[in-house]
Amino acid sequence: MFIKTILNSYAILFFSQNSVLGVIVLLVSFINPLAGISGLCCVVFAAVLANLSGFQPEQINTGIYSFNNLLLGLAFGTFYQFNVYYVIWLIFTALLLIMLTVVLAERLGKLGLPILSLPFILCFWVLLLSADSLFKIGLVSKSSFVMQEVYEGTANLSYLNNYLSSNLPYWLCLFFRSFSAILFQDNIITGACIAIGLLIHSRIAFSLAVLGFLVAYGLNASFHIYPDDISYYHLGANFMLATIAIGSFFTIPSIRSYLWAIACIPVIFILINAFSVILAAYNLPVFSLPFCMISFTLLYFLLLRKDVAHLQLVKLQHYSPERNLYQFINQQNRLNNLQYFRFRLPFMGGWTVSQGYDGNITHINDWGKALDFVIEDEDKNTFKLPGTLPEHFYSFNKPVLSCGDGIVANVVDNVEDNAIGIENLLENWGNTVVIRHLDGLYSKVSHLKKQSIKVKIGDIVKQGELIGLCGNSGRSPEPHLHFQFQITPYIDAKTLSYPFAYYVSKKNEQERMASFMIPEQGDVVNPVTIINSTAKAFDFQPGYTATLVGEGGINEQLEVFRDELGQTYFYSITSGATAYFINDGTQFYFTSFYGSHQSLLFLFYQAAYKITFTDNERFVVRDVFPLHLLNNKPLLWLQDFVSPFFRFINLRYRALNYPPKSGTIQSTQVKQVFGKQKILMLATISLANDNIQGYCITVNGNDKNIQWVKSNTY
C-alpha cells in the first residue's frame, strides 16, 4: 500500500523521487541490518500515522513526512544496541518526530522554505541528551566509526572495504564513503551504489555532488583547515548535499546556481567549526545542521529579491534537476503570454500600421507607444480619387471594436471631423473611447467620427463589440484610427507598451500569425479568422470523456478535470497519465505531460502539441518540446551534463492545417542536434462533425492508428 511512499522516502534523501535510486538506497541501508530494519519500520510507521491522521495522500506519497523518520531509524541502528528499550524509545521518538515534521513543514512552508533534515536533528539531539542524562532510559551506545566521524572528525575503513581501499585511489574511496555517511555508514560499496543511483536519477545532481566534494576537499588540502583530513561524514551530509540542493534542486540549474553552490562551501566550513564548538559543550554531533542553515538562509535571501531574472527558484518541483530545467526553459518561452490580458485588434479586415511605436510624426516621448492604422488599396493609397473629402478615404466610417472585455471609463463624442489636410490641435485626441480592462490597464481609440460612439461611461463591453466608427476628428489630417494602451483612464494619458494576443501580419508579401506581439510600421494586420468546427473539436471542458481505441484491442479511457488552480488536464483512467492543456479560443496547446510514454494520451500530446483554429492553410504553427521527452537516452545524458551552460539539442514541432473541407491537421516532431535535423514523429489528426475522429502517428518508424470515441455531450 505504501510502496511509493517508502521508495520516495529513501530517494528524497538525495532530492529525488526516482524509484531506481529509492530501491538502491533501501537495499544498501540493510548493510547495517539493525539500522536498515529500524529505518524501514520508521518510514512505514510515519506513513501509516500520517494517513490515519487525515493528511493528504499526495503529500504522504512524496516522502516529505517520512524521510526524517528514516534518518531516525538509521541513526538508532547505528548509535544504539538492540534491546527492549531500543524498541520502546524508537517508537515514541518516531511519534514525536512525525509531529514535529508536520508542524515545521507547515510553518516553514508559509515562508517558502523546506524542512530538510532539521526535524531529525532536533529530535535526535533530545534523545541523545536524554540518554546521556543522570536518569537512564535503557539505551546502550555502541562503538561506531561513523559516530567517531560525527563527534571527532576522523575514522578508519572497515575490514570489508580493505580490498577496495587498497586498490582504489584514496580520493575516490573518500568520495564513496562520503555518500555512505548520509546513511550513517562507512562503506565504499554503499557509496558506490548510491553514486550509481544518483547518476541514473540526475546527471546534473551527480556532477554537483562531484563538484562539492572536489571543492571542499581541495580547500581543505590548500588551507589545512582540518590537518587530519576532512570528515567524510561532513563531506557527504553537508558539502555534497548542499551543492546538490543549492545548485539544482531549489534553483533552476545554471552557471549562476553552480557559482552559488561553490560560494557556499567556505561558509559551510565556518558553520561546521562554529557549531562544533557550541555543541561540544553538550556532547552533541553537528549532523547536517550546517547544510540546513546555509540552505534556509540562501533560500530566504533569494525569496526577498525584487528582480528574479538572474537566478530562478524552482516554483513547480519535479524532483529532477533536468526536468526542472527543461520544463522551465520550455514554459518560459511558450507560456510567457499567460502574463498578458488577451487583446484583439480593434477592427475587422486588413489595416496598415501607418505609424508604429516611437514613430517620427506624433508618437514620441511619453506618447511613443501608440499605433496609427489606415486602410490601403493594392497601390498603397489610403483613398479613392479625388481624395478631397473624408468619405473618399477607405478607413472613414469603418467599424471600431472593443479590443477586450471591460468597462467604459471615458468618452468624448462631440468633436467635429476635420476637412482633409486640417488638424484640430485644441482638441488633440478628437472623439475618443477609453475602456478599463484591469486595474492599471486601459485601452484608448481616438479620432472617431462625431456622434458615432455607441457606448457611454459605465457600460460593460465585450471583446469585438462595436464602440464607434473611424473618423477624422482631433489632430488628424486624414481619417485614421489611433490606438494605445495606458495605465490611467484620462484622455491624454501616457502610453504603455503592450502586445495583441493574436493577429495575422503581412509584410513584403509574407504572411504569418503573430502571437502576443506588437505590430510594426508598414505591417498589414488582420484579426485571426477562427474555424468554428476546429475550435469545437478541441473544446475540452471538465467532465468531457473519451475512449482512445488503439490497435490490438488497446483501449484508454480519458476524462478532463480542472485542478484547484483552475488548470485543465486530461487524465488517463487506464494508464494514470496526465496532460495539462490550455484553450484560449484561438489556440489549443499542451503545457506539460506526466506519466508513461507508452500511453495513447502521450501520443495525442505529441500529435496535438499546439493547434491553431485558423482557416489559413499557409500558416505553419511552430513550437518546441521540452528536452526530457527525447527517447535517445545516451544522447540526452550527454546533453544533461552540460545543459545548465549549453544546449545542443532541440525538439521542434510543426503543425499545418489543410483546407477545412479535408478535416485534417498534420504535425511533425523534428530533432535538431548541432543544426542537423531528423524527423522523429509524423502525425495526422482527423476531424469531422465538430469532433476529433482519430489520429495516425508514426514515431521512430512505428505506425499507430488510434480512434477517438467521444463518450458524452455537454
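To be clear, the structure that these remarks concern was listed above.
Here's what I pulled together on the structure shown here. Quantities reported herein were computed from a predicted structural model and do not represent experimental measurements.

Quick notes on the overall build of the protein
Inference 1: For the protein, the count of helices and strands is 19 helices and 24 strands.
Inference 2: For the C-alpha atoms alone, the extent of the protein along its principal axes is close to 105 × 65 × 50 Å.
Inference 3: Here the protein holds 714 residues, and 53% of them are scored as buried.
Inference 4: Pairs at least 24 residues apart make up 63% of the contacts formed inside the protein by residues separated by at least 6 positions.
Inference 5: Entry remark: accessible area of the protein is about 31900 Å², with carbon and sulfur atoms responsible for 59%.
Inference 6: Taking the average place of the 46 positive charges on the side chains of the protein and the average place of its 46 negative ones, the gap between the two points comes to 3 Å.

Brief notes about helix α3 (residues 33-52)
Inference 1: For α3, with 20 residues, the first-to-last C-alpha span of 28 Å sits near the 28 Å given by 1.5 Å per residue.
Inference 2: Within α3, the full set of buried residues consists of A35, G36, S38, G39, C42, V43, A46, A47 and A50.
Inference 3: Summarising the contacts, the buried residues of α3 are in contact with α1 (3-11), α2 (19-29), α4 (57-62), α5 (67-79) and α6 (84-110).
Inference 4: Directly after α3, the chain includes G54, whose backbone phi takes a positive value near 90 degrees.

Here we look at the sheet that holds strand β12 (residues 524-526)
Inference 1: One open sheet holds the ten strands; their spatial order is β7-β4-β5-β6-β9-β2-β1-β12-β10-β11, and the pairing between them is antiparallel. With one partner strand each, in any of the chains shown, β7 (460-461) and β11 (510-517) form the two edges of the open sheet.
Inference 2: Bridge count between strand β10 (residues 500-507) and β11: seven bridges; the pairing is antiparallel. The residue of β11 that forms the bridge with S505 is R512.

Observations regarding the pairing of strand β24 (residues 702-710)
Inference 1: Relative to β24, strand β13 (residues 545-549) runs antiparallel, the two being bridged by four bridges. Bridge pairing in β24 links A546 to K710.
Inference 2: Where strand β23 (residues 691-699) meets β24, six bridges bridge the pair, whose relative direction is antiparallel. Each bridged residue has a counterpart across the sheet, and for G694 the counterpart in β24 is Q707.
Inference 3: Connecting β23 to the next strand, β24, in antiparallel fashion are two residues, including N700 with a positive phi near 50 degrees.

Some points on the state of the cysteines
Inference 1: Scanning the entire structure with this criterion turns up zero disulfides.
Inference 2: We note that C42 lacks a disulfide partner, and the nearest cysteine sulfur, in C41, lies 7.1 Å from it.
Inference 3: You can call C42 buried: its relative accessible area is 3%.
Inference 4: With no disulfide of its own, C264 lies 13 Å from the sulfur of C292, the closest cysteine sulfur.

A look at the pairing of β10
Inference 1: Taken across its eight residues, β10 has six buried, putting it largely inside the fold.
Inference 2: Taken together, β10 and the strand that follows it, β11, pair antiparallel across an intervening segment of two residues, in which N508 is found at a positive phi of about 55 degrees.
Inference 3: When β10 meets β12, the two strands line up antiparallel, connected through three bridges. Bridge pairing in β12 places S505 opposite V525.

Things to note about empty space enclosed by the protein
Where empty space is left becomes clear once a probe the size of a water molecule has been rolled over the atoms.
Inference 1: Inspection of every chain in the model, using the stated rule, returns one cavity of 30 Å³ or more.
Inference 2: Of the voids in this model, the largest cavity is the one considered here, and its volume is about 40 Å³.
Inference 3: What lines the largest cavity is simply P346, L401, S402, C403, V433, I435, S443, V445, I467 and F483.
Inference 4: Those elements that place two or more of their residues in the lining of the largest cavity are β5 (431-438) and β6 (441-448).
Inference 5: Grouping the amino acids of the lining of the largest cavity by side-chain chemistry returns eight nonpolar, two polar and no charged.

Overview of helix α12 (residues 203-223)
Inference 1: Taking 1.5 Å as the rise per residue, α12 with 21 residues should run 30 Å; its terminal C-alpha atoms sit 30 Å apart, in good agreement.
Inference 2: Taken together, the buried positions of α12 are R203, I204, A205, F206, L208, A209, G212, F213, A216 and N220.
Inference 3: Along its buried surface, α12 packs onto α10 (170-181), α11 (188-201), α13 (232-249), α14 (255-280), α16 (321-334) and α19 (633-642).
Inference 4: Two or three places before I204, at the start of α12, stands the capping residue S202, its side-chain oxygen 3.3 Å from that residue's backbone nitrogen.
Inference 5: Positioned one or two residues after α12, H224 has a phi angle of 55 degrees, which is positive.

Rules and cut-offs
Residues numbered from 1 in each chain as written. Predicted model: local features only at pLDDT ≥ 70, side-chain atom pairs only at ≥ 80, totals over all residues. Heavy atoms only, no water. Helix = DSSP H or I, 4+ residues; strand = E, 2+ residues; numbered from the N terminus. Buried < 20%, exposed > 50% of the residue type's maximum accessible area, 1.4 Å probe, protein only. Contact = heavy atoms within 4.5 Å. Areas by Shrake-Rupley, 256 points an atom, 1.4 Å probe, with all protein chains shown as cover. Lys, Arg positive; Asp, Glu negative; His and termini not counted. Charge placed at Lys NZ, Arg CZ, Asp CG, Glu CD. Expected span 1.5 Å × (residues − 1). Pairing = 2+ DSSP bridges. Disulfide = S-S within 2.5 Å. 1 Å grid on protein atoms, 1.4 Å probe; cavity = no way out; pocket = protein on both sides within 12 Å on 5 of 7 lines; lining within 4 Å. Points joined across faces, edges and corners; volume = space filled by probe spheres on them. Nonpolar A, V, L, I, M, F, W, Y, C, P; charged D, E, K, R; others polar. Polar contact = N/O pair within 3.5 Å; in protein donor to acceptor, adjacent residues only side chain to side chain.

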